[in-house]
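As a plain string of letters, each chain reads:
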Amino acid sequence: MTIVGGLDVHRRQVTFDCLDSATGQVRRGRIAPATRGTFRSWLEQLPRPAVLAVEGCTGWRFIVEECQAAGVDVQLAEPADTAAADGPKHRAKTDRADARKIRELLADGRLPQSWIPPQQVLEMRALLRLYKDLRDEHTAWVQRIHATLFHHGVPAPAGNLLADDQRARLVAGDGLSPAAPQAVLTALRTLDALDGEMAPLRRQLGTFARRQPGCAVLLQHYGVGPITAVAIWAELGDARRFSSSRQAVRHAGLDVTVYSSDDKRSPGRLARQGPPLLRWALFEAAKCAGRPGAPDYAHYQQVKERCGGNRAALSVARKLVRRAHHALRALGDEALIPA
């Protein structure tokens with residue numbers, strides 16, 4: 001007897017659909033609230049042996065960790081491929097239907113499995129997402145200062161907006177209305193607070209990049225810095241699961257999708273189905289190819305003249321993810337050992 005089950009995770013409840021392969025009996029229900037303790041209690045009552053599957057969406061981590069701790073075999077389903085398993089027909093979507101679909105795919109051996117990262121990779125992903133959120137907010141506040149200056153017809157400072165000489169000019173509020181300096185000063189205080197949060201994170205990620213073998217190999221590639229090295233390492237994961245570098249490009253969402261029918265063909269666009277953090281890191285590293293000393297400078301300039309700078313950087317980003325795939329694959333088990 002084996003229990004085969006599918007789980008659909010939401011913030012309020014976890015919907016389950018379990019099949020007893022010996023008797024054919026199906027049990028359905030909800031686990032509420034969707035917390036670690038409640039799910040652990042439900043697992044204690046689950047007959048053994050059992051194998052469960054859950055989509056790789058928000059909330060999968062505590063589900064997988066509790067299953068592994070309880071000795072229950074668990075598989076992580078790739079969300080995009082799982083949704084595509086429905087085919088072109090669109091039907092009413094419910095939590096029970098999703099759980100049943102995952103269970104049926106698992107029972108038939110057709111579940112599109114996703115890689116379950118080890119603990120260290122999950123922790124680095126969390127730190128990277130925190131750093132990226134802080135950086136995006138930092139950029140937004142800098143843009144807000146620029147917008148305030150432009151709205152009042154004041155020329156934007158040249159160079160670093162937060163340099164000492166430029167900061168003194170912003171604090172003085174020359175050319176601004178009485179209320180505008182208050183907005184600028186608030187933005188400067190917020191930027192200082194964000195810098196204070198990002199600095200230790202940057203040091204922590206940089207130290208990890210130098211000590212972890214996989215990240216250290218990625219640092220040898222032109223344009224890849226400590227932050228982007230950790231991001232590529234964490235989001236690309238075990239490179240051996242990709243049989244070719246083309247699959248690594250597809251995982252990053254940098255492949256170009258084209259729809260064609262008969263003599264009609266739509267313009268190509270990026271798939272964007274992979275981790276956004278991985279695409280950001282690859283694009284940031286690829287922009288360094290615009291420097292004359294870069295090994296991909298000639299290719300970058302050629303594509304830039306034909307298609308523009310953004311597409312040139314995307315082309316170099318595809319090259320970088322292929323190189324990262326080969327470098328990490330060559331390291332084998334050493335690529336994921338703890339720092």
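Residues numbered from 1 in each chain as written. Predicted model: local features only at pLDDT ≥ 70, side-chain atom pairs only at ≥ 80, totals over all residues. Heavy atoms only, no water.

(A) Inspection of the sheet that holds strand 5 (residues 73-77) at higher detail. One open sheet holds the six strands; their spatial order is 3-2-1-4-5-6, and the pairing between them is mixed. Two strands close off the open sheet at either side, each with one partner strand: strand 3 (26-31) and strand 6 (113-114). Summarising the sheet, strand 2 (residues 14-20) and strand 3 pair through six bridges and their orientation is antiparallel. What sits directly across from Asp-17, in strand 3, is Arg-28. Across the sheet, helix 4 (residues 95-107) touches strand 1 (3-9), strand 2, strand 3, strand 4 (50-55) and strand 5, and the angle it forms with strand 1 is around 140°. (Pairing = 2+ DSSP bridges. Helix = DSSP H or I, 4+ residues; strand = E, 2+ residues; numbered from the N terminus. Contact = heavy atoms within 4.5 Å. Axes fitted to C-alpha atoms, helices over the stretch in contact; angles between N-to-C directions.)

(B) Region of interest: the pairing of strand 4. In terms of residue burial, strand 4 counts as a mostly covered element, since six of its six residues are buried. Here strand 4 shows no split at all, with Ala-50, Leu-52 and Val-54 on one side and Val-51, Ala-53 and Glu-55 on the other all buried. When strand 1 meets strand 4, the two strands line up parallel, connected through five bridges. When the bridges of strand 4 are listed, Gly-5 appears paired with Leu-52. Inspection of the sheet shows strand 4 paired to strand 5 by five bridges, in the parallel sense. In the strand pairing of strand 5, Glu-55 is matched with Ala-77. Handedness of the strand 4-helix 2 (residues 60-69)-strand 5 crossover: right-handed. (Buried < 20%, exposed > 50% of the residue type's maximum accessible area, 1.4 Å probe, protein only. Right-handed = clockwise from strand over helix to strand, strands pointing away.)

(C) Representation of the packing of aromatic side chains in the model. Under the defined criterion, the tally for this structure stands at four aromatic pairs. Here the aromatic rings of Phe-16 and Trp-42 are separated by 5.0 Å at their centres, their planes lie at 45°, and the arrangement is tilted. You can see Phe-16 sitting in strand 2 and its partner Trp-42 sitting in helix 1 (residues 36-44), a full 26 residues away along the chain. Judged by its relative accessible area of 6%, Phe-16 is buried. Site record: aromatic cluster; members linked through ring pairs are Phe-16, Phe-39, Trp-42 and Phe-62. In this structure, Arg-144 is placed above the aromatic ring of Trp-141, and the distance from its NZ or CZ to the ring centre is 4.1 Å. (Phe/Tyr/Trp six-rings, centres within 6.5 Å; stacked < 30°, edge-to-face > 60°. Lys NZ or Arg CZ within 6 Å of the ring centre and 35° of its normal.)

(D) Region of interest: the nonpolar core. Grouped together as the largest cluster of nonpolar side chains are 66 residues, with contacts concentrated most on Trp-233 and Leu-282. For this core, the element with the most residues is helix 7 (residues 180-211), which contributes eleven residues. Once residues within four sequence positions are removed from consideration, Trp-233 is found in contact with Gln-120, Val-121, Met-124, Phe-208, Gln-212, Gly-214, Cys-215, Leu-218, Leu-328, Ala-335 and Leu-336. Formed by 24 residues, the second largest nonpolar core is a distinct cluster that contains Ala-34, Leu-52, Val-74 and Leu-76. (Core = buried A, V, L, I, M, F, W, Y, C linked by side-chain atoms within 4.5 Å.)

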